[in-house]
Amino acid sequence: MPDWIVDAMNGPVAANGTFLVNATLGRQRVHRGNVVVEQLGQIYTCPLSGAQSLIRQNDMVKSVASDPKMIVGPGKSIRSSARQKTKGAAGSNRRRYPAARGAPPSIEWVNVGDLLVDDGYQRSIDTAPSRRLISSIASHWDWRLCMPLAVSRRESGKYDIDGQHRLAAAKLRGDLPHLPCCVGTYAGAADEAGMFVAANRARRAINRLDDFHAAIVAQDEDALEVNRIVNEAGLTVSRKTGALAWCPGEVAFTSSVQHVIARHGEEVASTALTILAQAFQGQILSNGASVFRSVARILTNPPTGFDISQLVTILSAQPLTAWSAHVQGVLGADARSMAMYRAIVVTCEQQPTRLQ
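Note that the coordinates shown come from a computational prediction; the quantities given were computed from them, not determined experimentally. (Residues numbered from 1 in each chain as written. Predicted model: local features only at pLDDT ≥ 70, side-chain atom pairs only at ≥ 80, totals over all residues. Heavy atoms only, no water.)

Participant: What is the right way to read the sheet that holds strand β10 (residues 157-162) from this model?
Facilitator: In a beta sheet, neighbouring strands pair by backbone hydrogen bonds and run either parallel or antiparallel. One open sheet holds the 5 strands; their spatial order is β7-β11-β9-β10-β8, and the pairing between them is mixed. In the strand order of this sheet, the two ends are held by β7 (106-111) and β8 (115-116), each with one partner. Relative to β10, β8 runs parallel, the two being bridged by 2 bridges. Within β10, the residue paired with Leu 116 across the bridge is Tyr 159. Strands β8, β9 (149-154), β10 and β11 (178-184) of the sheet are contacted by helix α5 (residues 164-173), whose axis makes an angle of about 120° with β10. (Pairing = 2+ DSSP bridges. Helix = DSSP H or I, 4+ residues; strand = E, 2+ residues; numbered from the N terminus. Contact = heavy atoms within 4.5 Å. Axes fitted to C-alpha atoms, helices over the stretch in contact; angles between N-to-C directions.)

Dropping the structure here:
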């Protein structure tokens, strides 16, 4: 190994043949198959496949430094670019950001046995939901879903800040000795805990409709089935979760559709959606889930003397906003659908056209 690499190394070669170097972009781990490049006094590391591109890029930087006329953009020279930047800086209201805090982390492969968890601030994974999640991750392990764990480097070891379920799943499998980690330096457990809170509060969970549409693109069978019967009823699945953003004919209650399919079959779900589409044509389907589930309940177990063929007539007799009043303040999907069910049955009993 060349002396200049040895001089740049941060610690010894690990058991798996990897080692850390103090590169230009921060502390980086050199893996088997990687190359280390030194140019213009700067050190870089990358996979072998990217080495030529990196060298060409650095050669261009070197050429620009030696030739001020070097083109740096479409039709622009480095001099004209500099003049534009100077001109813009004088009258610009460009926001000034404070200096970045902390030191750049390093991306490393860390042995799962060397990763520790501080129970002082970490959430407990000794719960039924966590155990199910860990078992699922272990059973369906996919490296493409294993983003680097956030890890703190302490004198006593490396502590997992974010990624506890992935770590537990890897340990459960037993055949994954190393995990990719983003290793940073923190002032102590309190600093780590603050970062844990900040990371979890900043994380924006994917909403159920984004998840549904992504599942369609991924050719998920359940999502494709729901989407198909919704479309066959003349409706569409909304892209937005907020009722104020819905358009007439948009369905946001995909989980209710899946529930009815699983419990009563596709035909019942399809018929219930068609009834909604006909009864509330041109209306926003706010509280549509409650009506849909109650209609499915009536289709599968109609009350004595109830004429199912009158459902569209009964429902269309008043706008959906009026039906929504029957579930106002009622919590829980089952409780809401039952309240709507009773409202529909009572309305039917008051209809003179019902068949006995």
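On we go from here.
Participant: What is the right way to look at the packing of helix α8 (residues 221-232) against helix α10 (residues 266-279) in this model?
Facilitator: Each pair of packed helices gets described by two things: the angle between the helix axes and the distance between those axes. Interaxial distance between α8 and α10 falls to 9 Å at its minimum, and their mutual angle equals 40°. With respect to α10, the element α8 is oriented oblique. Here α8 and α10 pass one another in a crossing that is right-handed. Between α8 and α10, the residues in contact are Glu 225, Arg 228, Ile 229 and Val 230 and Glu 266, Ala 269, Ser 270 and Leu 273, respectively. (Parallel < 35°, antiparallel > 145°, perpendicular 65-115°, else oblique. Left-handed = near helix turned anticlockwise from the far one by under 90°.)

Participant: I would appreciate a short explanation of the pattern of salt bridges in the present structure.
Facilitator: By the definition in use, this model includes 10 salt bridges. Between Glu 108 and Arg 153 there is a salt bridge, with the nearest N and O atoms lying 3.2 Å from each other. Highlighted residues: Glu 108 in strand β7 and Arg 153 in strand β9, separated in sequence by 45 residues. Given a relative accessible area of 2%, Glu 108 falls into the buried group. In this structure Arg 153 comes out as partly exposed when scored by relative accessible area, which is 23%. Its salt-bridge partner being Asp 118, residue Arg 154 comes within 2.9 Å of it at the nearest N-O pair. Taken as a pair, Arg 154 in strand β9 and Asp 118 in the loop between β8 and α4 (128-139) lie far apart in primary sequence, 36 residues in all. (Salt bridge = Lys/Arg side-chain N within 4 Å of Asp/Glu carboxyl O. Buried < 20%, exposed > 50% of the residue type's maximum accessible area, 1.4 Å probe, protein only.)

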